[in-house]
Amino acid sequence: MKILLFGARGQVGWQLQRSLSVLGEVVALDRRSAALCGDLSDIEGVAATVAAVAPDVVVNAAAYTAVDRAEDEPELAFAINAQACEAIARAAARCGAWVVHYSSDYVYDGSGERPWRESDPTGPLGAYGRSKLAGDEAVARENPRHLVLRTSWVFDSWGRNFARSILEAAATRDELTIVADQWGAPTRAALIADVTAHVLRSLRQRGEDPSLAGVYHLAAAGFTTWHGYALLLLQEAQRVGLPLRATPDRVRPIPSRDYPVRAARPANSRLDTTRLRETFGLSLPPWQDGVRAVIAELAHHRAS
């Protein structure tokens, strides 16, 4: 299998380089790649890259993810999250390649308490969510061989994410206030990468059955709030001896109205992963496992 990977230096892309390597040749690009264009703001360039590489699968882990800034620069968000994805999917279709496209819980309006199913109506609250939904729709429209994997609350042991931000803040502040009325499943990038590799292997073993195409929800098992997530992070950090000024007992829950942001966040980001698990024979680990693994890695790196 020849795989073209965009976004190789992002959280998910970095882990994909590892997980996809067992499947065959991986051409891994980021926006600074020189020989081939990996910059999704260059729409013609990334389409030309797909044509030049002629892969069996294109995995696009690149995206515009600045949720608040997207409210002020929606054109750039749509160019990267929708128009570039449309061009990539179209170019992949011309060479008969599958496309793996990562989407977001932000395509839903966050209402209710039931986990979202793939068949539920979408209703993004802001420019970022609208750009992601437009990308989902473009990929499905331009290439029937598509896998759209919607995930949530992505984190890992490096890069900018909630987990790292909380640990950095707790090391310098005496108290933290964390939103406690938004629900979701913290999902480690390594899990997303491993599931992607499993799905592609299964796809190949099943003769690339076109009925497997479509939208799937991919998230760790279980649910929590940002406050519950932060508590576990700091409990684990305290247990392994990472430096903390704001200990778990100094993390105060607040409602989202007390933490104003430029773009509205969905209150309910729970994702129902039944379709993914049943279609590809998967058992997804609880979100707590990913948190504990990342804290253990950070403690190991600090000690070494």
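Above: the structure in question.
Because the structure is predicted, anything quoted here is derived from the model rather than measured.

The rules behind the values
Residues numbered from 1 in each chain as written. Predicted model: local features only at pLDDT ≥ 70, side-chain atom pairs only at ≥ 80, totals over all residues. Heavy atoms only, no water. Helix = DSSP H or I, 4+ residues; strand = E, 2+ residues; numbered from the N terminus. Contact = heavy atoms within 4.5 Å. Phe/Tyr/Trp six-rings, centres within 6.5 Å; stacked < 30°, edge-to-face > 60°. Lys NZ or Arg CZ within 6 Å of the ring centre and 35° of its normal. Core = buried A, V, L, I, M, F, W, Y, C linked by side-chain atoms within 4.5 Å. Buried < 20%, exposed > 50% of the residue type's maximum accessible area, 1.4 Å probe, protein only. 1 Å grid on protein atoms, 1.4 Å probe; cavity = no way out; pocket = protein on both sides within 12 Å on 5 of 7 lines; lining within 4 Å. Points joined across faces, edges and corners; volume = space filled by probe spheres on them. Nonpolar A, V, L, I, M, F, W, Y, C, P; charged D, E, K, R; others polar.

Novice: Hey, could you run me through the environment of Ala91 in this one?
Specialist: Topologically, Ala91 is positioned in helix α3 (residues 74–94). Separated by 42 residues in the primary sequence, Ala91 and Thr49 have C-alpha atoms spaced 8.9 Å apart. In this view, Ala91 contacts Ala47 and Val50; residues no more than four positions away in its chain are not counted.

Novice: Looking at this model, I keep getting lost on the packing of aromatic side chains. Mind explaining?
Specialist: Geometry of an aromatic ring pair is reported as the spacing of the ring centres plus the angle between the planes. Under the definition given, this model contains eleven aromatic pairs. A network of ring pairs unites the aromatic residues Trp153, Phe155, Phe162, Trp226, Tyr229 and Trp287 as a single cluster. Above the ring of Phe223, the side-chain terminus of Arg270 is found at 6.0 Å from the ring centroid. Above the ring of Tyr216, the side-chain terminus of Arg275 is found at 4.1 Å from the ring centroid.

Novice: Would you take a moment to explain the side chain of His227 for this structure?
Specialist: Among the structural elements, His227 can be located in helix α7 (residues 226–240). Residues within four places of His227 in sequence aside, it is in contact with Ile178, Val179, Ala180, Val251, Arg252 and Pro253.

Novice: Help me understand the nonpolar core, please; the structure alone is not making it clear to me.
Specialist: Counting residues in each nonpolar core, the largest one holds 60 residues, and the members touching the most others are Leu16, Val59, Tyr102, Leu200, Tyr229 and Leu276. The greatest single-element share of this core, amounting to nine residues, is contributed by helix α6 (residues 189–205). Not counting residues up to four positions away in its chain, the partners in contact with Leu276 are Val195, Val199, Tyr216, His217, Leu218, Gly281, Leu282 and Leu284. Core analysis: the second largest hydrophobic core is formed by 33 residues, Leu4, Phe6, Val58 and Tyr64 among them.

Novice: Explain the layout of surface pockets to me, please; I cannot follow it from the model alone.
Specialist: Here the second largest pocket defines a volume of roughly 210 Å³. Lining the second largest pocket are Arg164, Leu167, Glu168, Ala171, Leu242, Pro243, Leu244, Leu298 and Arg302. At the level of elements, α5 (162–172) and α9 (287–303) are the ones that each hand at least two residues to the lining of the second largest pocket. The element that contributes the greatest number of residues to the lining of the second largest pocket is α5, accounting for four residues. Each residue belonging to the lining of the second largest pocket can be placed in one class, and the counts come to six nonpolar, no polar and three charged.

Everything listed is a geometric property; what it means functionally is a separate question.
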